[in-house]
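Report on the structure
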Amino acid sequence: MSNNTAEQQLALDVAEAMWSRDQAAQALGMAIVEVRPGYAVLTMKVRPDMVNGHHICHGGLIFTLADTAFAYACNSYNHNTVASACHIDFLSPGKEGDLLEAEAVERSLSGRTGVYDITVRVAGGKTVALFRGKSYRIQGEVIAGLQQAG
């Protein structure tokens, strides 16, 4: 198996392990569309119980979708990685029935820190939010013991 294929398989295995424990994402109806090293795309359909008093998708739920895509991208190397800072700009509302798609792209990875840009869009359409996450690698692995075994 080439290194590129091995890295891709690791990213997929890590995503599967994380998903099995990610009750928040599952409860919100998120779905993983794609995961690669340093990259992830997740979707979430805006349900009636996700809209606020303005009848638009609650900003906290848009943030949660972006943060979840960020988590899958920055943990794709099987190093436990958490957010150290996040910022979001809301550009347009998500509406009930919209399928929101969050695409996370690694911009920088150096030592224990990384920077990721996440774009949240209505699938096939307008940009809803821009999110930047800064990551910090902590001790441990998503799939424990894998590095030692490999």
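Here, the structure is the one placed above.
Read on for an overview of the structure. (Residues numbered from 1 in each chain as written. Predicted model: local features only at pLDDT ≥ 70, side-chain atom pairs only at ≥ 80, totals over all residues. Heavy atoms only, no water.)

**Remarks on the pairing of strand β2 (residues 39-45)**
Where we set the bar: Exposure categories follow from relative accessible area, calculated using a 1.4 Å probe and restricted to protein chains: below 20% of the type maximum is buried, above 50% is exposed, and the middle band is partly exposed. Each helix corresponds to a stretch of at least 4 residues labelled H or I by DSSP, and each strand to a stretch of at least 2 residues labelled E; elements are numbered beginning at the N terminus. For two strands to be treated as a pair, DSSP must find at least two bridges joining them.
With respect to burial, β2 is a largely interior element, six of its seven residues being buried. One ladder, built from five bridges, connects strand β1 (residues 31-36) with β2; its direction is antiparallel. Following the sheet pairing, Ala31 is matched in β2 by Thr43. Counting the residues that bridge the hairpin from β1 to β2 gives two residues, and of these Gly38 lies at a positive phi of roughly 75 degrees. The pairing of β2 with strand β4 (residues 99-110) spans seven bridges and is classified as antiparallel. Note on β4: the bridge partner recorded for Val41 is Glu103.

**Details of helix α3 (residues 59-74)**
Each α-helix turn comprises 3.6 residues. Residues three or four places apart therefore point the same way. What counts here: Multiplying 1.5 Å by the helix residue count minus one yields the expected span of that helix.
The end-to-end C-alpha separation of α3 is 22 Å, in line with the 22 Å expected for 16 residues at 1.5 Å each. Among the residues making up α3, those that are buried are Leu61, Ile62, Leu65, Ala66, Thr68, Ala69, Phe70, Tyr72, Ala73 and Cys74.

**Details of the environment of Asn80**
Stated formally: In what follows, residue pairs with any heavy atoms lying within 4.5 Å of each other are defined as contacts. Here a polar contact is recorded for every N or O atom pair within 3.5 Å, except that within protein the pair must consist of a potential hydrogen donor and a potential acceptor, and residues adjacent in sequence are included only if both atoms are side-chain atoms.
If you trace the backbone, Asn80 turns up in the loop between α3 and β3 (81-90). Not counting residues within four places of it along the chain, the set of residues in contact with Asn80 comprises Asn75, Tyr136, Arg137, Ile138, Gln139, Gly140, Glu141 and Val142. At 3.2 Å, the side chain of Asn80 and the backbone nitrogen of Val142 are in polar contact.

**Some thoughts on a nonpolar patch on the surface**
The line we're drawing: Residues form patches when they are more than 30% accessible in relative terms and have no salt bridge. Like charges link within 9 Å. Nonpolar side chains (Val, Leu, Ile, Met, Phe, Trp, Tyr) link within 5 Å. In this description, accessible areas are obtained by the Shrake-Rupley approach with a 1.4 Å probe, and a residue is regarded as covered only by the protein chains that are shown. Should a side-chain nitrogen of Lys or Arg be within 4 Å of a carboxyl oxygen of Asp or Glu, the pair is scored as a salt bridge.
Side chains of Val82, Tyr136 and Ile138 sit close together on the surface and give an oily, nonpolar patch of about 230 Å² of accessible area. With respect to the element layout, Ile138 can be found in the loop between β6 (127-137) and α4 (146-149). Overall, Ile138 belongs to the partly exposed group, its relative accessible area being 35%.

Shape is all these values report; function is a separate question.
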